[in-house]
Amino acid sequence: MDIGFIGLGEMGAGMVANILKAGHQVRVWNRSPERAQPLADAGAQVVATPAEAFAGDAVFSMLADDAAMREVFNATLLENAARGLIHVNMATISVTLAEELASAHAARGIEYVAAPVLGRADVAAAGKLTIVAAGPAESIDRVQPLFDAMGQKTWRIGSLPQQANVIKLAANFMLAAAVESLGEAATLVTGHGVAMQDFIDVITSGIFPGPVYQGYGNAIAEQRYEPALFKARLGLKDVRLALEAADAVMTPMPVASVVRDSLMDAVAHGDGDKDFAVLGEVSARRAAR
Ligand code: NAP
């Protein structure tokens, strides 16, 4: 297929590499052009403007946040796009913006699919993302081969794009709560002289197995926060968006409020570009360690 891809950050770069490997033609655009060079070497066509990428059979976007989406997918870009184009937005954005984008695209005859992903940049590079897709069924059918190139499983949630986004926000809230609790528990045991790695080994081999507790637990035990696979500032964005979505349906999420403050603490201390596991550092700092 003839594909456009907008946003070649940690996630987008790996996703494009897998689409290229699957034999598709890809036009790529990134605000900082130097990030496109490795993909050009792998066969992508680098274009100079988002409008040049926003064409073909389908266009995927993987930008940072709502602000980036609003800047790039402005009225002019949508107005000049071909009718019938499918735009698949895979970034983690707000429920409100997902609703706005769905109606703005529909008004211009462009198909809009929300397909946020579970899995970090290493999972994206391995083509093993879990994709949560919502939007028009025929559009999802057409882009399924691309999802298959990027992910291990696509969950189809229905026709309302924003429902895929709220699932992603709920999942990331749970991730944030898990990492916060790991950080607090690890700080508790070390206060009593226990080696942090011993604690992580005990809990992950028994009651808390799996990639979240193992991956983040080991990172916290080793105080390994760089290179970031998932940046704390992006985690903060997601917990804020979960709280905003909760506010819209009058749903108290007290744990989310606590984790938001911990992530703000990390970002305020200059650790926004470090890994989410830096929540372990926040807990340690609160205990003056
Ligand atoms: P990233 O490495 O920070 O990349 C962000 C991308 O957005 C870059 O292409 C960046 O361009 C672009 N961008 C930011 N502001 C922009 C603006 N105003 N105008 C145009 N482009 C702009 O982030 P990432 O880790 O790839 O994450 C991308 C999305 O995936 C986010 O929504 C994130 O929440 C979600 N996600 C991330 C993970 C993860 O583990 N990393 C996992 C699942 C989902 P430049 O290169 O010019 O800065």
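Definitions and limits used
Residues numbered from 1 in each chain as written. Predicted model: local features only at pLDDT ≥ 70, side-chain atom pairs only at ≥ 80, totals over all residues. Heavy atoms only, no water. Near = heavy atom within 4 Å. Polar contact = N/O pair within 3.5 Å; in protein donor to acceptor, adjacent residues only side chain to side chain. Areas by Shrake-Rupley, 256 points an atom, 1.4 Å probe, with all protein chains shown as cover. Helix = DSSP H or I, 4+ residues; strand = E, 2+ residues; numbered from the N terminus. Nonpolar A, V, L, I, M, F, W, Y, C, P; charged D, E, K, R; others polar. Domains from an automatic or database assignment. Contact = heavy atoms within 4.5 Å. Buried area = accessible area lost by both parts, 1.4 Å probe.

A. Spotlight on the site of the ligand. Close to the ligand lie 28 residues; N30, S32, R35, A64 and K237 are nearest. At a separation of 3.3 Å, an oxygen atom of the ligand approaches a polar backbone atom of L8. Between L229 and the ligand, the recorded distance is 3.2 Å, taken from a backbone N or O atom to an oxygen atom. Here the ligand, which alone exposes 900 Å², has 92% of that area covered by the protein. Looking at the shell around the ligand, the elements that each hand over two or more residues are helix 1 (10-21), helix 4 (66-72) and helix 12 (232-248). Counted by class, the shell around the ligand contains 13 nonpolar, six polar and nine charged residues.

B. Representation of the domain arrangement of the chain within the structure. If you check the domain split of the chain, you get domain 1 (2-159) and domain 2 (165-286). Of the residues lining the interface, 20 residues belong to domain 1; the matching set on domain 2 comes to 17 residues. Carbon and sulfur atoms make up 64% of the area that domain 1 and domain 2 hide from each other, which totals about 1,500 Å². Per-residue buried area on domain 1 facing domain 2 is highest for T92, V95 and R120; these three make up 37% of the total on that side. Run the count over domain 1 and domain 2 and you get four residue pairs in polar contact (both at pLDDT 80 or more). Those elements that place two or more of their residues in the side of domain 1 that touches domain 2 are helix 6 (95-107), strand 7 (117-118) and helix 7 (121-125). Per-element accounting of the side of domain 1 that touches domain 2 gives the leading share, three residues, to helix 6. Of the residues in the side of domain 1 that touches domain 2, the class split is 12 nonpolar, three polar and five charged.

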